[in-house]
Amino acid sequence: MAYTLAPLPYEYSALEPFYDAQTLEIHHGKHHQTYVTKLNAAIEGQGALFEKPIEEVLKNLSLVPETIRNAVINHGGGHANHTLFWNTMGPNSGGQPSSVLIEKINATWGSFEAFKKAFNDQALAVFGSGWTFLVVKSGKLEIVNTSNQVSPLSNGAYPILVIDVWEHAYYLKFQNRRQEWIETWWNVINWKKVEELYLSASV
Ligand code: MN3
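Residues numbered from 1 in each chain as written. Predicted model: local features only at pLDDT ≥ 70, side-chain atom pairs only at ≥ 80, totals over all residues. Heavy atoms only, no water.

1. Considerations on the domain arrangement of the protein chain
By a widespread convention, an interface's size corresponds to the accessible area lost as its parts come together.
And then number 1: Domain boundaries assigned for the protein chain yield domain 1 (21-87) and domain 2 (99-202).
And then number 2: For domain 1 and domain 2, the distance between their C-alpha centres works out to 20 Å.
And then number 3: In terms of surface lost to domain 2, no three residues of domain 1 exceed Asn81, Leu84 and Phe85, which account for 36% of the buried area on that side.
And then number 4: Across the contact surface, domain 1 and domain 2 share 0 salt bridges.
And then number 5: Elements that contribute at least two residues to the side of domain 1 that touches domain 2 include exactly α1 (21-43), α2 (54-59) and α3 (66-87).
And then number 6: Partitioning the side of domain 1 that touches domain 2 into residue classes produces 7 nonpolar, 10 polar and 2 charged. (Domains from an automatic or database assignment. Buried area = accessible area lost by both parts, 1.4 Å probe. Salt bridge = Lys/Arg side-chain N within 4 Å of Asp/Glu carboxyl O. Helix = DSSP H or I, 4+ residues; strand = E, 2+ residues; numbered from the N terminus. Nonpolar A, V, L, I, M, F, W, Y, C, P; charged D, E, K, R; others polar.)

In structure tokens, the structure reads:
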């Protein structure tokens, strides 16, 4: 069995002017494809474990043979993290979540603005290449950073929102201005999808 790169749930130009079509096309069609290709090369000849969705594999890394575990962390994580990133963005998005998620955010951080500041500060603090996630862990919301392509799924958390702060995610349009990329990204967050993920979280 081989993993495949799903098409984006929107056109490459759909997130303009916030996320430019050229970056999105390279990021999805080249960077993400490379993680999928290298993941498939690593698991070639392996058993039934890899008939499961990659998210299930990342939750149980101890089941992955040691000889390929690092490749699965890097390329499987890259596959899962990018899939979440694409699926939690969309056109005509931004704003704030409604219903239960905003109540949980307010209960955790005091206000949506305080949550946004905490999230932005944490995304700015990623050293080198990595990601900032909103996760559900033990029934609580948390903001967590991971390095390289580590997935929070491997640390017992369920990610529901993520920003890619690897330079390849924003360099063509924003160059070294990571703060501007982070602030612009809030305009394309698909809160409806994030809420669906929150409601389906079981950790
Ligand atoms: Mn990326």
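2. With respect to the coordination of the manganese ion
And then number 1: Here the manganese ion is held by the protein donor atoms His27 (NE2), His82 (NE2), Asp164 (OD) and His168 (NE2), which lie 2.0 to 2.2 Å from it.
And then number 2: Sequence spacing among the residues donating to the manganese ion works out to H-x54-H-x81-D-x3-H. Here His82 is found in helix α3, whereas its partner Asp164 is found in strand β3 (residues 158-164), with 82 residues between them in sequence. Judged on exposure class, the residue His82 and its partner Asp164 are both buried. (Donors = N, O, S within 2.8 Å, 3.2 Å for Na, K, Ca; no water. Buried < 20%, exposed > 50% of the residue type's maximum accessible area, 1.4 Å probe, protein only.)

3. Notes on the nonpolar core
And then number 1: Among the nonpolar cores identified, the biggest contains 62 residues, and Val72, Ile160, Trp181 and Trp185 are the most heavily contacted of them.
And then number 2: For this core, the two domains that each supply at least three residues are domain 1 (21-87) and domain 2 (99-202).
And then number 3: Leave out the neighbours within four places in its chain, and Trp185 touches Phe85, Met89, Phe119, Leu161, Val162 and Ile163. (Core = buried A, V, L, I, M, F, W, Y, C linked by side-chain atoms within 4.5 Å. Contact = heavy atoms within 4.5 Å.)

4. Brief notes about the sheet that holds strand β2 (residues 140-147)
And then number 1: Read across the sheet, 3 strands follow the order β2-β1-β3 without closing on themselves; strand pairing throughout is antiparallel. Where the open sheet ends on each side, the last strands, each with one partner, are β2 and β3. Within the sheet, the average angular offset between the axes of one strand and its neighbour, ignoring direction, is 25 degrees.
And then number 2: Two strands pair when backbone bridges link them, and strand β1 (residues 130-137) and β2 are joined in this way by 8 bridges, in the antiparallel orientation. Residue Phe133 lies in a different strand from β2, and its bridge partner there is Val144. (Pairing = 2+ DSSP bridges. Axes fitted to C-alpha atoms, helices over the stretch in contact; angles between N-to-C directions.)

5. Remarks on unusual backbone geometry
And then number 1: With an omega dihedral of 0 degrees, the bond running from Glu16 to Pro17 counts as a cis peptide bond.
And then number 2: By the secondary structure assignment, Pro17 is in the segment before α1.
And then number 3: Within the chain, Asn92 stands out as a residue other than glycine whose phi angle is a positive 50 degrees.
And then number 4: Inspection of the secondary structure puts Asn92 in the loop between α3 and α4 (99-109).
And then number 5: Positive phi, normally seen in glycine, also occurs at Asn148, with a value near 55 degrees.
And then number 6: Among the structural elements, Asn148 can be located in the loop between β2 and β3.

6. Some points on the environment of Ser62
And then number 1: Tracing the backbone through its elements, the reader meets Ser62 in the loop between α2 and α3.
And then number 2: On the basis of relative accessible area, Ser62 is assigned to the exposed category, the value being 64%.
And then number 3: For Ser62 and Trp86, which are 24 residues apart along the polypeptide, the C-alpha to C-alpha distance reads 28 Å.

7. Thoughts on the packing of aromatic side chains
And then number 1: Tallied over the entire structure, the rule returns 18 aromatic pairs.
And then number 2: Considering the side-chain rings of Phe85 and Trp131, the 6.1 Å spacing of their centres and the 80 degrees angle between planes classify their relative orientation as edge-to-face. Of this pair, Phe85 sits in helix α3 while Trp131 sits in strand β1; the two residues are 46 residues apart in sequence, bridging distant segments of the chain. The burial state of Phe85 is the same as that of Trp131; both residues are buried.
And then number 3: Centroid distance Trp185 to Trp186: 5.3 Å. Interplanar angle 70 degrees. Geometry classified as edge-to-face.
And then number 4: Residue Trp185 is classed as buried on the basis of its relative accessible area, which comes to 1%. (Phe/Tyr/Trp six-rings, centres within 6.5 Å; stacked < 30°, edge-to-face > 60°.)

8. Description of the layout of surface pockets
And then number 1: Approximately 230 Å³ is the volume found for the largest pocket.
And then number 2: Along its surface, the largest pocket is lined by 15 residues, and Glu55, Leu84, Tyr158, Pro159 and Leu197 are the ones closest to its centre.
And then number 3: Listing elements by their share of the lining of the largest pocket, those giving two or more residues are α2, α3, β3 and α8 (191-200).
And then number 4: At 5 residues, α3 tops the list of elements feeding residues into the lining of the largest pocket.
And then number 5: Shared between two domains, the lining of the largest pocket holds at least three residues of each, these being domain 1 (21-87) and domain 2 (99-202).
And then number 6: Size it by volume and the second largest pocket reaches roughly 150 Å³.
And then number 7: Lining the second largest pocket are 14 residues, and of these Thr4, Ala6, His32, His79 and Thr83 lie nearest its centre.
And then number 8: Per-element tally for the lining of the second largest pocket: the top contributor is α3, with 4 residues. (1 Å grid on protein atoms, 1.4 Å probe; cavity = no way out; pocket = protein on both sides within 12 Å on 5 of 7 lines; lining within 4 Å. Points joined across faces, edges and corners; volume = space filled by probe spheres on them.)

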